[in-house]
Amino acid sequence: MRIREFAILCVVALFVSGLVSPVAAESGDKQLRFGLLYSSPTDELTSGAATTELDSTLGFMVGFEYHFTDMIGVEPTLSRTSFDLIDRQSGFPDENGDTDLLALVVNVNFHFEQDSGLDLYAGPTVGYAFWGDINLDDFQDASPTDDEFMFGLNGGLDYPLGESDWSFHAGLSYLFVDVKDQDNPEAIGVNPLQLMVGFTYNF
């Protein structure tokens, strides 16, 4: 675990909480988002003739946003995905395995609402990646991993469904994060491009 980066994240979270709390005591819009998540890694680990990478996968996400102004909202989000892992080495059969990712992030969303009711937003993301052990099919023992600090960018839209409190939601994000086997000094690059599709409840 990267203690220094985790400490920085805690300081940032405390700063944001201190900034938001006086305003959040007043009335503000709230949104609950949930849906499917498609995560497609864009990086890998290449070491000599060996390449290790994670495959694209489906998962799910849920987030809660509080608008402390008409334009700015803070959204803690939780997502879970399970990745297949492939280790290719020239002249040898592929080694297959898997690992899980539980990601807790905080998005700061800047909103640009349209006359049609369409709500467009974009902003930065910071959070923490809780990686599960790496399990390889040909090895009995799992390899423990380090949890990782991550950051990135996100954006999305909410389109109202008639006069109800529900909206269709679609989002796109790019995260900078690796997964590191504790027994291996080199990290496997992940840096996923993620597409979210689901619904938003406004209250």
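Okay, so let's go over this structure.

1. Describing the nonpolar core
With 16 residues, the main nonpolar core has Leu54, Trp131 and Met150 as its most contacted residues. The set of elements that each furnish at least two residues to this core consists of strand S5 (72–89), strand S6 (95–113) and strand S7 (119–131). Ranked by residues supplied to this core, first place goes to S6 with 3 residues.

2. Concerning a negative patch on the surface
There is a patch of like negative charges on the surface, built from Asp29, Asp70, Glu113 and Asp115. Following the sequence through the fold, aspartate 29 ends up in the loop between helix H1 (3–24) and strand S1 (30–41). Of the residues examined, aspartate 29 reaches a relative accessible area of 52% and is grouped as exposed.

3. Observations concerning the pairing of strand S11 (residues 166–176)
Taken together, the 10 bridges between strand S10 (residues 148–160) and S11 define a ladder with antiparallel strand orientation. Looking across to S11, one finds that phenylalanine 151 is bridged to phenylalanine 176. A loop of 5 residues connects S10 with S11, the two strands running antiparallel in sequence, and glycine 162 in this loop sits at a positive phi of about 65 degrees. Where S11 lies against strand S14 (residues 192–202), 9 bridges are found, and the strand directions are antiparallel. Paired with alanine 170 across the strands is valine 197, a residue of S14.

4. Overview of the sheet that holds strand S9 (residues 145–146)
Two pairing modes exist for strands in a sheet, parallel and antiparallel, and in both the strands are linked by backbone hydrogen bonds. Within the open sheet, the 3 strands sit side by side as S9-S12-S13. Their pairing is antiparallel. Of all strands in the sheet, those with a lone pairing partner are S9 and strand S13 (188–189), marking the two edges. Bridging between S9 and strand S12 (residues 178–181) involves 2 bridges; their strand directions are antiparallel. Bridge assignment links threonine 145 to a residue of S12, and that residue is aspartate 181.

5. Some thoughts on the side chain of threonine 52
Relative to the helices and strands, threonine 52 resides in strand S3 (residues 50–54). Judged by its relative accessible area of 12%, threonine 52 falls in the buried class. Reaching out from threonine 52, the side chain makes a polar contact with the side chain of aspartate 87 at a distance of 2.8 Å. Sequence-distant contacts of threonine 52, defined by excluding residues within four places in its chain, comprise Glu44, Leu45, Leu85, Ile86, Asp87 and Ile188.

6. Focus: unusual backbone geometry
Even without glycine at this site, asparagine 191 takes up a positive phi of about 40 degrees. Along the chain, asparagine 191 falls in the loop between S13 and S14. Judged by relative accessible area, asparagine 191 falls into the buried class, the value being 12%.

7. A closer look at the packing of aromatic side chains
Under the criterion given, the structure shown has 9 aromatic pairs. Plain terms: the ring middles of phenylalanine 83 and tryptophan 131 are 6.1 Å apart, the flat faces sit at 45 degrees to each other, and that makes the pair tilted. Taken as a pair, phenylalanine 83 in strand S5 and tryptophan 131 in strand S7 lie far apart in primary sequence, 48 residues in all. Given the relative accessible area of 0%, phenylalanine 83 is considered buried. Taking relative accessible area as the criterion, tryptophan 131 reaches 6% and is therefore assigned buried. Note on phenylalanine 151 and phenylalanine 176: the rings are 5.1 Å apart at their centroids and 20 degrees apart in plane angle, and the pair reads as stacked. Note that phenylalanine 151 is positioned in strand S10 and phenylalanine 176 in strand S11, a separation of 25 residues in sequence. According to the relative accessible area criterion, phenylalanine 151 is partly exposed, its value standing at 41%.

8. Notes on the environment of glycine 48
By secondary structure assignment, the location of glycine 48 is in the loop between strand S2 (45–47) and S3. For the pair glycine 48 and glutamine 89, spaced 41 residues apart in sequence, the C-alpha separation works out to 8.8 Å.

9. What to know about the pattern of salt bridges
Scanning all chains against the criterion turns up 6 salt bridges. Note that glutamate 53 is salt-bridged to arginine 88, the shortest N-O span being 2.4 Å. Within this pair, whereas glutamate 53 is found in strand S3, its partner arginine 88 is found in strand S5, the two being separated by 35 residues in sequence. We classify glutamate 53 as buried; its relative accessible area is 19%. We classify arginine 88 as partly exposed; its relative accessible area is 33%. Notably, a salt bridge pairs arginine 80 with aspartate 100, separated by 3.5 Å at the nearest N-O pair. Of this pair, arginine 80 sits in strand S5 while aspartate 100 is found in strand S6, placing the two residues 20 residues apart along the sequence. Since its relative accessible area comes to 36%, arginine 80 is described here as partly exposed. What emerges from the salt-bridge pattern is a single network uniting Arg33, Glu65, Glu75 and Asp158.

Thresholds, definitions, all that
- Residues numbered from 1 in each chain as written.
- Predicted model: local features only at pLDDT ≥ 70, side-chain atom pairs only at ≥ 80, totals over all residues.
- Heavy atoms only, no water.
- Core = buried A, V, L, I, M, F, W, Y, C linked by side-chain atoms within 4.5 Å.
- Buried < 20%, exposed > 50% of the residue type's maximum accessible area, 1.4 Å probe, protein only.
- Helix = DSSP H or I, 4+ residues; strand = E, 2+ residues; numbered from the N terminus.
- Patch = residues over 30% accessible without salt bridge, like charges linked within 9 Å, V, L, I, M, F, W, Y side chains within 5 Å.
- Areas by Shrake-Rupley, 256 points an atom, 1.4 Å probe, with all protein chains shown as cover.
- Salt bridge = Lys/Arg side-chain N within 4 Å of Asp/Glu carboxyl O.
- Lys, Arg positive; Asp, Glu negative; His and termini not counted.
- Charge placed at Lys NZ, Arg CZ, Asp CG, Glu CD.
- Pairing = 2+ DSSP bridges.
- Polar contact = N/O pair within 3.5 Å; in protein donor to acceptor, adjacent residues only side chain to side chain.
- Contact = heavy atoms within 4.5 Å.
- Phe/Tyr/Trp six-rings, centres within 6.5 Å; stacked < 30°, edge-to-face > 60°.

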